[in-house]
Amino acid sequence: MSAEPSPRRRTGGRSAVVLTSIRKAVEELIAEQGSDAVTIPMVAERAGVNHSSIYRRWGDARTMINDLATYRLDPDRPLADTGDVRADLATWAQELLDHYGLPVNAALLRGGAAAAGEGESDCLRDRRAEAAAFAARPGAAFSGDDVIDKVVAPIIYRVIFLPWTLPDVDARSLVDQLGDRLN
């Protein structure tokens, strides 16, 4: 009696390749034309995939851009944890500045925010979770909302309205806005 072969598991090889080509196409198109001009048929053509695959996964271009904006700044990456909350927050703020200093990332952020409408974008939800994680550290006398208001909001404001001023922002000075609530 022979044993039945076990079913082959899909490792996501083809799916991963397709997703990577879609992400690359979206980034290129946003860099070239801006997020408002990007359509699913354009992305499908650039990525070399059938447009129905994209519609099936995201439904519309705004949702796709919101999802890909979140992907660009990996919410599962480890946050600095040296025991010095001030230094760790400054490292995090500098990471945000560096990330959004790239035009395609700034365009993805704007597109993701527009796609969210009156709701909270996935990207903001991830930044809130990170801010709350800093606020939960021992000795922190600030809230996650304090971090959003004093550190994240000035960065995002500049990304959206004054992107040419991002190089002038000092991450440490933003963190210093939290004042004596830092240990």
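This text goes with the structure placed above it.
Cut-off values and rules
Residues numbered from 1 in each chain as written. Predicted model: local features only at pLDDT ≥ 70, side-chain atom pairs only at ≥ 80, totals over all residues. Heavy atoms only, no water. Helix = DSSP H or I, 4+ residues; strand = E, 2+ residues; numbered from the N terminus. Buried < 20%, exposed > 50% of the residue type's maximum accessible area, 1.4 Å probe, protein only. Contact = heavy atoms within 4.5 Å. Phe/Tyr/Trp six-rings, centres within 6.5 Å; stacked < 30°, edge-to-face > 60°. 1 Å grid on protein atoms, 1.4 Å probe; cavity = no way out; pocket = protein on both sides within 12 Å on 5 of 7 lines; lining within 4 Å. Points joined across faces, edges and corners; volume = space filled by probe spheres on them. Nonpolar A, V, L, I, M, F, W, Y, C, P; charged D, E, K, R; others polar. Salt bridge = Lys/Arg side-chain N within 4 Å of Asp/Glu carboxyl O. Core = buried A, V, L, I, M, F, W, Y, C linked by side-chain atoms within 4.5 Å. Arc of directions from axis to C-beta.

Okay, the overall build of the chain next. The helix and strand inventory of the chain stands at 9 helices and 0 strands. Helices and strands appear in the chain in the N-to-C order α-α-α-α-α-α-α-α-α. For the chain, the proportion of its 183 residues judged to be buried stands at 40%. Partitioning the contacts of the chain with sequence separation of at least 6, the portion at a separation of at least 24 is 65%.

Any aromatic ring pair is given by two values, namely how distant the centres are and how the planes are angled relative to each other. Considering all chains together, one arrives at 2 aromatic pairs under this definition. Relative to phenylalanine 134, the ring of tryptophan 92 lies with its centre 5.3 Å away and its plane at 55 degrees, an arrangement referred to as tilted. Here tryptophan 92 is found in helix 5 (residues 85-100), whereas its partner phenylalanine 134 is found in helix 7 (residues 122-135), with 42 residues between them in sequence. For tryptophan 92, a relative accessible area of 3% corresponds to the buried category. Overall, phenylalanine 134 belongs to the buried group, its relative accessible area being 0%. Relative to phenylalanine 161, the ring of tyrosine 157 has its centre 5.1 Å away and its plane inclined at 45 degrees; by these criteria the two rings are tilted. You can see tyrosine 157 and its partner phenylalanine 161 sitting in helix 8 (residues 144-161), 4 residues apart, about one turn around the helix.

With that settled, the discussion passes to the environment of alanine 115. Locating alanine 115 in the fold gives a position in helix 6 (residues 103-116). By relative accessible area, alanine 115 is classed as partly exposed at 24%. Residues within four places of alanine 115 in sequence aside, it is in contact with Arg62, Thr63 and Asn66.

When its volume is computed, the largest pocket comes out at roughly 270 Å³. Contributing to the lining of the largest pocket are 16 residues, with Ala113, Ser121, Leu124, Ile156 and Ile160 lying nearest its centre. Going through the elements one at a time, helix 6, helix 7 and helix 8 are the ones with two or more residues in the lining of the largest pocket. When residues of the lining of the largest pocket are assigned to their parent elements, the largest contribution, 6 residues, is made by helix 8. In this structure, the second largest pocket occupies an estimated 180 Å³ of space. Looking at the lining of the second largest pocket element by element, the count peaks at 4 residues for helix 1 (residues 13-33). Partitioning the lining of the second largest pocket into residue classes produces 3 nonpolar, 2 polar and 2 charged.

Moving on: the pattern of salt bridges. Within the structure shown, the criterion is met by 8 salt bridges. Glutamate 130 is the partner of arginine 127 in a salt bridge, and the nearest nitrogen-oxygen pair spans 2.9 Å. Here arginine 127 and its partner glutamate 130 are both found in helix 7, 3 residues apart, which amounts to about one turn of the helix. An identical accessibility class is assigned to arginine 127 and glutamate 130; each is buried. A cluster of three or more residues bridged by salt bridges with shared partners is formed by Lys24, Glu28, Glu32 and Arg46.

Ranked by internal contacts, the top residues of the largest apolar core, which has 28 residues, are Leu89, Trp92, Phe142, Val147, Val151, Ile155 and Val159. Contributions of two or more residues to this core are made by helix 5, helix 6, helix 7, helix 8 and helix 9 (171-176). It is helix 5 that contributes the most residues to this core, 8 residues altogether. Beyond its immediate stretch of four places on either side in the chain, isoleucine 155 contacts Ala93, Leu96, Leu97, Leu166 and Leu174.

Residues spaced three or four apart along an α-helix face the same direction, because each turn holds 3.6 residues. Burial in helix 2 (residues 40-47) covers these residues: Ile40, Val43, Ala44 and Ala47. Projected down its long axis, helix 2 shows its buried positions confined to an angular sector of 100 degrees, all on one face. The first or second residue beyond helix 2 is glycine 48, which carries a positive phi of 75 degrees.

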